[in-house]
Structure formats: C-alpha cells, structure tokens
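Listed here are the chains, written in short residue letters.
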Amino acid sequence: MSDRSPTDPRDLRTALIRGMKGKCPACGDTALFGRFLKPVSHCPTCGQSWSHQRADDLPAYLVVLILGHVLVPLVVAANLRFDMPMWVQMTLWPGVALLLALLLIQPAKGMVIGLQWARRMHGFSGRR
C-alpha cells in the first residue's frame, strides 16, 4: 500500500500523461489496463485501487470530438485537391475514422482515469 497521505497533492499533468501512456497514474510503474479498455483492479506496485474509476462515456466523447476536428478538414482538403470517386471516399474515410478511434480510445480513457485520480473524484479521495 502507498505511504502517501490522503491529503498529499496529486499532480494533474503527470497523472494525465501516465494515464495516456497506459501506466498507473499514481506511480507510473505498471500497466493501467489488463485488457484493451479494462483497467486492472489495483496497481501491484503502489496498491492503488482502480475500482473507483467511472470513465463511462467521456473517453468516447473526447475521441469523437477530436476525430471530427481532424477528419473534416482532411476530407475537405482532399476533395479540393483530388477528384476521388465516391466509392473511394466511402471506403477511405470510415476506415480512417475507425483506425484513429481505435488508436485514441485507450489513451483517452487512461487520461480520464488519471484526471479522476488526480482530482480525487469518485472514491479516489482516500477517505472512507
């Protein structure tokens, strides 16, 4: 178990970066996820329990927001520059969106869990 006090400050930036990398936001030593989007029950290094996390739909909303801001300008620029057939666009853009969504969802969930831990939300306060 951690020797930290429940009132010790938690660095938000460090927690977000560690979570984005898929590492424990508390210690940064071990993996945060046991499976693709399933966090481990607790960190084997520092003992931090991850059963309190409630990421829910926020990671998906963040991914959709980011993808919309990245893909729409790409689609517009590609249509202005190239004369792509409709079947190419109907294959290319959903494929790109799916690939980017799969690449972004785990880092987004890790960041949300890191945010919750750093801000002592949803049972991460250390108080019973």
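Structure shown above.
Reading guide: rules and limits
Residues numbered from 1 in each chain as written. Predicted model: local features only at pLDDT ≥ 70, side-chain atom pairs only at ≥ 80, totals over all residues. Heavy atoms only, no water. Helix = DSSP H or I, 4+ residues; strand = E, 2+ residues; numbered from the N terminus. Rg over C-alpha atoms; globule rule 2.2 N^0.38 Å. Contact = heavy atoms within 4.5 Å. Areas by Shrake-Rupley, 256 points an atom, 1.4 Å probe, with all protein chains shown as cover. Lys, Arg positive; Asp, Glu negative; His and termini not counted. Charge placed at Lys NZ, Arg CZ, Asp CG, Glu CD. Patch = residues over 30% accessible without salt bridge, like charges linked within 9 Å, V, L, I, M, F, W, Y side chains within 5 Å. Salt bridge = Lys/Arg side-chain N within 4 Å of Asp/Glu carboxyl O. Buried < 20%, exposed > 50% of the residue type's maximum accessible area, 1.4 Å probe, protein only. Core = buried A, V, L, I, M, F, W, Y, C linked by side-chain atoms within 4.5 Å. Polar contact = N/O pair within 3.5 Å; in protein donor to acceptor, adjacent residues only side chain to side chain. Axes fitted to C-alpha atoms, helices over the stretch in contact; angles between N-to-C directions. Parallel < 35°, antiparallel > 145°, perpendicular 65-115°, else oblique. Left-handed = near helix turned anticlockwise from the far one by under 90°. Nonpolar A, V, L, I, M, F, W, Y, C, P; charged D, E, K, R; others polar.

With that settled, consider the overall build of the protein chain. Of regular secondary structure, the protein chain possesses three helices and zero strands. Helices and strands in the protein chain line up, N terminus first, as α-α-α. For the protein chain, the C-alpha radius of gyration of 19 Å lies well beyond 14 Å, the compact-globule estimate for 128 residues. Of all intrachain contacts in the protein chain linking residues separated by at least 6 positions in sequence, the fraction that spans at least 24 positions is 59%. Summed over all atoms, the accessible surface of the protein chain reaches about 8,500 Å², with 64% contributed by carbon and sulfur. With 15 positive and 7 negative side-chain charges, the protein chain shows a spacing of 4 Å between the two charge centroids.

A separate point is the side chain of Gln116. Mapping Gln116 onto the fold places it in helix H3 (residues 86-118). Setting aside residues no more than four positions away along its own chain, Gln116 makes contact with Gln53, Arg54, Ala55, Met121, His122 and Phe124.

Among the surface-exposed residues, Leu58, Tyr61, Leu62, Ile66, Val70 and Leu74 lie close enough to one another that they form a single nonpolar patch of about 530 Å² accessible area. Looking at the secondary structure, you find Ile66 in helix H2 (residues 58-81). Judged by its relative accessible area of 43%, Ile66 is partly exposed.

A separate point is the nonpolar core. Among the nonpolar cores identified, the biggest contains 13 residues, and Cys24, Ala26, Cys43, Cys46, Trp50 and Trp117 are the most heavily contacted of them. When residues in this core are grouped by element, the largest group, three residues, is from H3.

To continue, consider the side chain of Gln53. Summarising the element assignment, Gln53 is placed in the loop between helix H1 (12-20) and H2. Of note is the side chain of Gln53, whose polar atom sits 3.0 Å from the backbone nitrogen of Ala55. Among all residues touching Gln53, those that are not within four sequence positions of it are Pro39, Lys109, Ile113, Gln116 and Phe124.

What is expected of a backbone is that most residues other than glycine have negative phi and most peptide bonds are trans. Its identity is not glycine, yet Asp56 carries a phi of approximately 45 degrees, on the positive side. By relative accessible area, which is 64% here, Asp56 ends up exposed. Here Arg120, not a glycine, exhibits a phi torsion of approximately 55 degrees, which is positive. Arg120 gets classed as partly exposed once you look at its relative accessible area, which sits at 23%.

Close contact between H1 and H3 brings their axes to 7 Å; oriented N to C, the two are set at 150 degrees. Taken together, H1 and H3 sit at an angle that is classed as roughly antiparallel. Judged by the sense of rotation from one axis to the other, the crossing of H1 with H3 is right-handed. Contact residues: Leu12, Ala15, Leu16, Gly19 and Met20 in H1; Pro107, Gly110, Met111, Gly114, Leu115, Trp117 and Ala118 in H3. Of the residues that constitute the contact of H1 with H3, the class distribution is nine nonpolar, three polar and no charged.

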